[in-house]
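Close look at the chain arrangement
The lines below spell out each chain.
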Amino acid sequence: GEQQIQDAFLDAARKKFRASRPYTVGITGSYGKTSTKSILGQVLETSLGPTFWPPKGINTIMGITRDIRERLVPGYPYAVLEIGAYGIGSIERVGRSFPIDAAIVTAVGIMHLDRFGSAENIYTAKSELARAVPEKGILVCNGDNAGSRRMAEQYKRQTTLLYGLDTSLGGLDCWAEDIKTVAEGSEFTVHYGGKRY
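Structural notes, computed from the coordinates. This structure is a prediction, so every number in the text was calculated from the model and none was measured.

At a minimum axis separation of 9 Å, helix H1 (residues 2-20) and helix H4 (residues 90-97) run at an interaxial angle of 50°. Between H1 and H4, the crossing angle belongs to the class labelled oblique. Together, Asp7, Leu10, Arg14 and Arg18 of H1 and Arg93, Arg96 and Ser97 of H4 make up the contact between the two elements.

Bringing the packing of H1 against helix H3 (residues 61-71) into the picture now. Running from amino to carboxyl end, H1 crosses H3 at an angle of 55°, the nearest separation of the two axes being 9 Å. Taken together, the axis directions place H1 and H3 in an arrangement best described as oblique. In this structure, the crossing between H1 and H3 has a hand that is left-handed. Mapping the contact onto sequence places Gln6, Phe9, Leu10, Ala12, Ala13, Lys16 and Phe17 in H1 and Ile61, Met62, Thr65, Ile68 and Arg69 in H3. Here the residues of the contact of H1 with H3 are counted per class, giving eight nonpolar, two polar and two charged.

Put simply, side chains in a regular strand alternate between the two faces of the sheet. Across two bridges, the pairing between strand E6 (residues 159-164) and strand E7 (residues 174-182) is parallel. Directly across from Tyr163, in E7, lies its bridge partner Cys174. Bridge analysis of E7 against strand E8 (residues 185-192) gives seven bridges, and the strand direction is antiparallel. Across the sheet, residue Trp175 finds its bridge partner in E8, namely His191. Linking two consecutive strands that pair antiparallel, namely E7 and E8, is a turn of two residues.

Next up on the list: a nonpolar patch on the surface. There is a patch of nonpolar side chains on the surface, built from Leu165, Ile179 and Phe188 and spanning about 310 Å² of accessible area. Following the sequence through the fold, Phe188 ends up in strand E8.

Under the definition given, this model contains zero disulfides. For Cys141, which is in no disulfide, the shortest distance to another cysteine sulfur is to Cys174 and amounts to 13 Å. On the accessibility criterion, Cys141 (0% relative accessible area) is buried. Taking relative accessible area as the criterion, Cys174 reaches 23% and is therefore assigned partly exposed.

The subject of this paragraph is the environment of Tyr155. Within the secondary structure, Tyr155 sits in the loop between helix H7 (146-154) and E6. Residue Tyr155 is classed as buried on the basis of its relative accessible area, which comes to 13%. In the structure, Tyr155 is positioned 127 residues away from Thr28 in sequence and 15 Å away in space, judged by C-alpha atoms. Not counting the four nearest positions on each side in its chain, Tyr155 is found in contact with Tyr123, Ser127, Ala130, Arg131 and Leu139. Of the polar contacts made by the side chain of Tyr155, one reaches the side chain of Arg131; its length is 3.4 Å.

Reading the values: the criteria
- Residues numbered from 1 in each chain as written.
- Predicted model: local features only at pLDDT ≥ 70, side-chain atom pairs only at ≥ 80, totals over all residues.
- Heavy atoms only, no water.
- Axes fitted to C-alpha atoms, helices over the stretch in contact; angles between N-to-C directions.
- Helix = DSSP H or I, 4+ residues; strand = E, 2+ residues; numbered from the N terminus.
- Parallel < 35°, antiparallel > 145°, perpendicular 65-115°, else oblique.
- Contact = heavy atoms within 4.5 Å.
- Left-handed = near helix turned anticlockwise from the far one by under 90°.
- Nonpolar A, V, L, I, M, F, W, Y, C, P; charged D, E, K, R; others polar.
- Pairing = 2+ DSSP bridges.
- Patch = residues over 30% accessible without salt bridge, like charges linked within 9 Å, V, L, I, M, F, W, Y side chains within 5 Å.
- Areas by Shrake-Rupley, 256 points an atom, 1.4 Å probe, with all protein chains shown as cover.
- Salt bridge = Lys/Arg side-chain N within 4 Å of Asp/Glu carboxyl O.
- Disulfide = S-S within 2.5 Å.
- Buried < 20%, exposed > 50% of the residue type's maximum accessible area, 1.4 Å probe, protein only.
- Polar contact = N/O pair within 3.5 Å; in protein donor to acceptor, adjacent residues only side chain to side chain.

Below is the structure:
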């Protein structure tokens, strides 16, 4: 029935993805996932090479599966996947199917509290992305968000980085200041690695 069809589609997408094996960044969070995915996809494509990222807010296992089946071709060295938490185990399932090398956690909030039952369950569900990052991988978390900062401490990887705006909450590896919004877009100064950009 329906489940067998879905399993067959997932299996096909999994094989296709593993054959291409792009360096993959997974993104989760209570907000900011889609814009982070689009911005990162464009930055990677402009600076490093062809990058695959599903359009709009596609972030479920079957949505990602369909997009990989329909659009992924060999020759994408990079991929960015937005992964939504729809319950305990949903992010883990995506990570098992489409292995990630790095992750970004934008925030751990209490949206969808009704779906998860408790703030701790939301944290547990979103932590599945941090756990999916290999030991030698990269974990990037929002240092301005308590849940995201907690995840960076609990699931340290070879490279764990905190970004944000508020340096008073503790150390940040990357932060922005002098933020101005102008007609052409945004302007700001970024501090990273002892340099200003």
